[in-house]
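# A structural walkthrough
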Amino acid sequence: MITKKDSRLALTNIVTAYIAFLIGTFCGLLQVFIRNNALELPAWLDYYQVLTAHGVLLALVFTTYFIFGFLVTGMSKTLGGFGSKVRFFSWVGYLVMTIGTLLAVVMILSGKASVLYTFYAPLKASGWFYVALALFVVGTWFSGGSLIGHYLVWKGQNKGKLSPLFAFMTITTIVLWIIASLGVAATVLFQFIPWAFGWVDTINVELSRSLFWYFGHPLVYFWLLPAYIAWYTIVPKMIGGKVFSDSLARLSFILFLLFSIPVGFHHQLQEPGISSFWKFLQTILTFMVIIPSLMTAFSMFATFETAGRKKGATGLFGWFFKLPWKDVRFTALFIAMFFFIPGGAGGIINASFSLNEVIHNTLWVVGHFHITVGTPVAMTFFGLTFWLIPYLTGRKLTKAIQKLAFIQIITWSIGMTLMSTAMHILGLLGAPRRTAYTDYANHPAALEWFNGFLTNHVTVAVGGSILFLSAMILILIVLQSLFTLPKAESNTEFVEFPLAESDIENTPKILENWWLWIGIALLLIAIAYSIPLGAMMQHHHHMPTGSKGFITW
Ligand code: HAS
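Thresholds applied
- Residues numbered from 1 in each chain as written.
- Predicted model: local features only at pLDDT ≥ 70, side-chain atom pairs only at ≥ 80, totals over all residues.
- Heavy atoms only, no water.
- Helix = DSSP H or I, 4+ residues; strand = E, 2+ residues; numbered from the N terminus.
- Rg over C-alpha atoms; globule rule 2.2 N^0.38 Å.
- Contact = heavy atoms within 4.5 Å.
- Areas by Shrake-Rupley, 256 points an atom, 1.4 Å probe, with all protein chains shown as cover.
- Lys, Arg positive; Asp, Glu negative; His and termini not counted.
- Charge placed at Lys NZ, Arg CZ, Asp CG, Glu CD.
- Expected span 1.5 Å × (residues − 1).
- Donors = N, O, S within 2.8 Å, 3.2 Å for Na, K, Ca; no water.
- Salt bridge = Lys/Arg side-chain N within 4 Å of Asp/Glu carboxyl O.
- Buried < 20%, exposed > 50% of the residue type's maximum accessible area, 1.4 Å probe, protein only.
- Near = heavy atom within 4 Å.
- Polar contact = N/O pair within 3.5 Å; in protein donor to acceptor, adjacent residues only side chain to side chain.

## Some thoughts on the overall build of the chain
If you tally the helices and strands in the chain, you get 17 helices and zero strands. The C-alpha radius of gyration of the chain comes to 23 Å, within 12% of the 24 Å expected for a compact globule of 553 residues. Considered along the principal axes of its C-alpha atoms, the chain spans approximately 65 × 50 × 45 Å. Restricting to contacts in the chain with at least 6 residues of sequence separation, those with at least 24 account for 84%. Counting every atom, the chain has about 21900 Å² of accessible surface; 72% of that belongs to carbon and sulfur. Computing the positive centroid from 32 side-chain charges and the negative centroid from 19, the chain places the two 9 Å apart.

Take a look at the structure:
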């Protein structure tokens, strides 16, 4: 068990995450109905408000709070209880993030920020929406900074020793997040806020989008890496094995630190304001960032096979039958990994310059991120939640709740397979994303998108509805884990934090040389971004001085 005070900090973050999850998934349900003309919204609410809330609450708020809840627990477990100063700054971070979140939600619901979660200029929300985003990011700097502080305290007491794998991975994730968030902080503070409050008339759109995606792609690895931390350090424990290779695990995280950021232009391949040379350079770097995910896939298979053979598995796939399928804590994470195969493969298609022409701004991309953050990351978080809340509340993981958990991950898998597959195919047929309607004035091509099974918006709606049902089951599991599950009496009943051991005696110390890796990361960023961003900032005579704001809702 970790200390009561650390449990309360972790639990507050996790509960906040699930409040955002509840509202965000409800918005998702509204979306599939509106897009199929099955729902009229009240006058004060429109589709783009709902979609903005869906993206902000699920992609930014749910993920970030859950990640801090999980990392606080793991860091307290592996490095020992937080000192009072570290914990204080964690609470400051939580508070500032929450003020930001509440302000953002108020702005969205009052119709002043229907700009979607990427808040692209020249769509102009109320200045207070951008203040809310800035507060949220500053809050994460306190929460993240306090985890680094906790690590430095441990380092001070363990000079020259390699940190435990969980801690190493946590720090890499936080460092990646802080470097990446500088981009969004820069555009929000120096571009959006002055513009939205009317202190300047125009905004440099290309620069604001480039600074956003400088942040936006590593944002996805901020979501993914905590899931990878669970795959590397928790899954082996649950299958009766150990970490396949400590060095490989650390190297994969270092590669993410190096290559997650100088790749943002692959979200902007269709934008005229960036020359093909820089797009191509960042596409090559994007293919570099795929490598640590392939290393992770290899690690996972090696872990399964090693553990399986230890239990007498033979042949190429004997290990498959030795996996603990009845343990929902494992099966949830396995299914999460499984979805990442098409999810990741789709990413490779997205990043392929010419193929991006076909899929950009279509439902294909929406399908992609529902089987990258929407299942591999989200279902890993669900799988962690099943034991993490009982672990933190000292309650039992009863048979009944495990059965409900199986129903939850199976319904999620069915709903997502339907919704994401249909979205991928509709996207290939040309169906755009981010629109409140799907008939497009009954254009013949658009009417095609209501025929067949997987080429049908109705299938998207059916999948989305099943997902919502699954989400409600998860909320039920969370509520029971918080309040009604029986308290664990004996030690055998206490839920453990399943952390695999990882032999670090062969791990090269250079892997934890932060200044080396942060230095290389900053160098790669400079190479990939300084010239194109510099060019965007110069006010050439032919360069537009910027755009005024548009309020299209
Ligand atoms: Fe992506 C757009 C490229 C990964 C999320 N992505 C998005 C958006 C989001 C998102 C939210 O190049 C939309 C943003 C918006 O609103 O506009 N993505 C990639 C690439 C990867 C990738 C190359 N994306 C992710 C992850 C996300 C995420 C991870 C969230 C968590 N993505 C793009 C591009 C776009 C894009 C363009 C812009 C498209 C456009 O034009 O708008 C790579 O990281 C993927 C590498 C991963 C793999 C798979 C490895 C497989 C593993 C599991 C193995 C399974 C096992 C289990 C071991 C190559 C690790 C056992 C299995 C058995 C079968 C037994």
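Now that the structure has been shown, we can carry on.
## Some remarks on helix H14 (residues 399-428)
Across its 30 residues, H14 extends 43 Å between first and last C-alpha, which sits within 8% of the 44 Å expected from 1.5 Å per residue. At the C-terminal side of H14, glycine 430 shows a positive phi close to 110°.

## Quick look at the coordination of the iron atom of the ligand
Coordination of the iron atom of the ligand by the protein comes from a single atom, His368 (NE2), at 2.2 Å. The topology assignment puts histidine 368 in helix H12 (residues 363-370).

## Brief notes about the pattern of salt bridges
Any two side chains of opposite charge can pair, so long as their charged atoms come close to each other. Under the counting rule described, the total for this entry stands at nine salt bridges. For the salt bridge of arginine 250 with aspartate 246, the shortest nitrogen-to-oxygen distance reads 2.6 Å. In this pair, arginine 250 and aspartate 246 are both assigned in helix H8 (residues 246-259), four residues apart and thus about one turn of the helix distant. Aspartate 246 shares its class with arginine 250; the two are buried. Connected through salt bridges with shared partners, the residues Lys155, Asp246, Arg250 and Glu512 form a single ionic network.

## A closer look at H8
Relative to the 20 Å expected for 14 residues at 1.5 Å per residue, H8 spans 20 Å between its end C-alpha atoms, a close match to the ideal helical length. Most of H8 is tucked away, with 12 of its 14 residues classed as buried. Turning to H8, its buried residues number three or more, namely Asp246, Leu248, Ala249, Arg250, Ser252, Phe253, Ile254, Leu255, Phe256, Leu257, Leu258 and Phe259. Residues of H8 that are buried make contact with helix H5 (165-196), helix H6 (205-233), helix H9 (276-310) and helix H17 (514-537).

## Some remarks on the site of the ligand
Around the ligand lies a shell of 36 residues, among which Tyr117, Tyr221, His360, His368 and Arg433 are the nearest. Within the side chain of tyrosine 221, one N or O atom sits 2.7 Å away from an oxygen atom of the ligand. In the model, a nitrogen atom of the ligand is placed 3.0 Å from a nitrogen or oxygen of the histidine 368 side chain. Contributing elements (two or more residues each) for the shell around the ligand: H6, H9, helix H10 (328-351), H12 and helix H13 (373-393). Here the element with the most residues in the shell around the ligand is H10; it accounts for 10 residues.

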